Amino acid sequence: MTEDCIFCAIVAGRAPAHRVFEDERVLIFMDLFPAHAGHTLIIPKQHATDLFEVGAEDLAAVVAQSKPLAAALERVFDCDGIAVIQLNRAAAGQTVFHYHMHLIPRNAGEPFGVHGKRQAPAERLAEQAARLREVFEPAG
Ligand SMILES: [Zn+2]
């Protein structure tokens, strides 16, 4: 854990997040600046800056939970598709330097983005996280 990392602060409960799922290795929560309704992040609890640093078991755990999360997103948001996006280092567009995988519901014909410009209202994110928790069936 690093002291100035916002995702480590979320893992530790020192910063708020709308949690969908967690186990000993990973945490899934709603992106505060959604590119689309249902935009979620999967992170390893153990701090790693990016793909170059993340441990193989943590990476496997993140990938494993992406599949049931995609299914839950499709059920809750009735989307046409799911973008899975993972950015490494500033040159690639990474903005939080703790490894994370984006899952972003997509609908046909909508403009594409990864980082939303406006923070979503907390009550909306809380409601979406609750709906996802109801249908999420974790891998493993
Ligand atoms: Zn961190």
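Residues numbered from 1 in each chain as written. Predicted model: local features only at pLDDT ≥ 70, side-chain atom pairs only at ≥ 80, totals over all residues.

Counting buried residues in strand S3 (residues 40-44) gives five out of five residues, a clear majority hidden from the surface. In S3, alternate side chains face the same way, and those of Thr 40, Ile 42 and Pro 44 on one face and Leu 41 and Ile 43 on the other are all buried. As defined by bridge partners, strand S2 (residues 26-30) adjoins S3 across five bridges and the pair is classed as antiparallel. Within S3, the position partnered with Met 30 by the bridge is Thr 40. The sheet contact formed by S3 and strand S5 (residues 101-106) spans three bridges and is antiparallel. Residue Leu 41 lies in a different strand from S5, and its bridge partner there is His 102. (Buried ≥ 20, exposed ≤ 12 C-beta atoms within 10 Å, placed from the backbone. Helix = DSSP H or I, 4+ residues; strand = E, 2+ residues; numbered from the N terminus. Pairing = 2+ DSSP bridges.)

Taking strand neighbours across the sheet as the criterion, the five strands line up as S1-S2-S3-S5-S4 in an open arrangement whose pairing is antiparallel. Of all the strands in the sheet, the pair left with one neighbour each is strand S1 (19-22) and strand S4 (81-85). For this sheet, the mean angle separating the axes of adjacent strands, direction not counted, is 20 degrees. Sheet analysis places S4 next to S5, joined by five bridges and oriented antiparallel. By the bridge assignment for S5, Ala 83 is matched with Ile 104. Lying on the sheet, helix H2 (residues 56-77) is in contact with S1, S2, S3, S4 and S5; it crosses S3 at an angle near 160 degrees. (Axes fitted to C-alpha atoms, helices over the stretch in contact; angles between N-to-C directions. Contact = placed C-beta atoms within 7 Å.)

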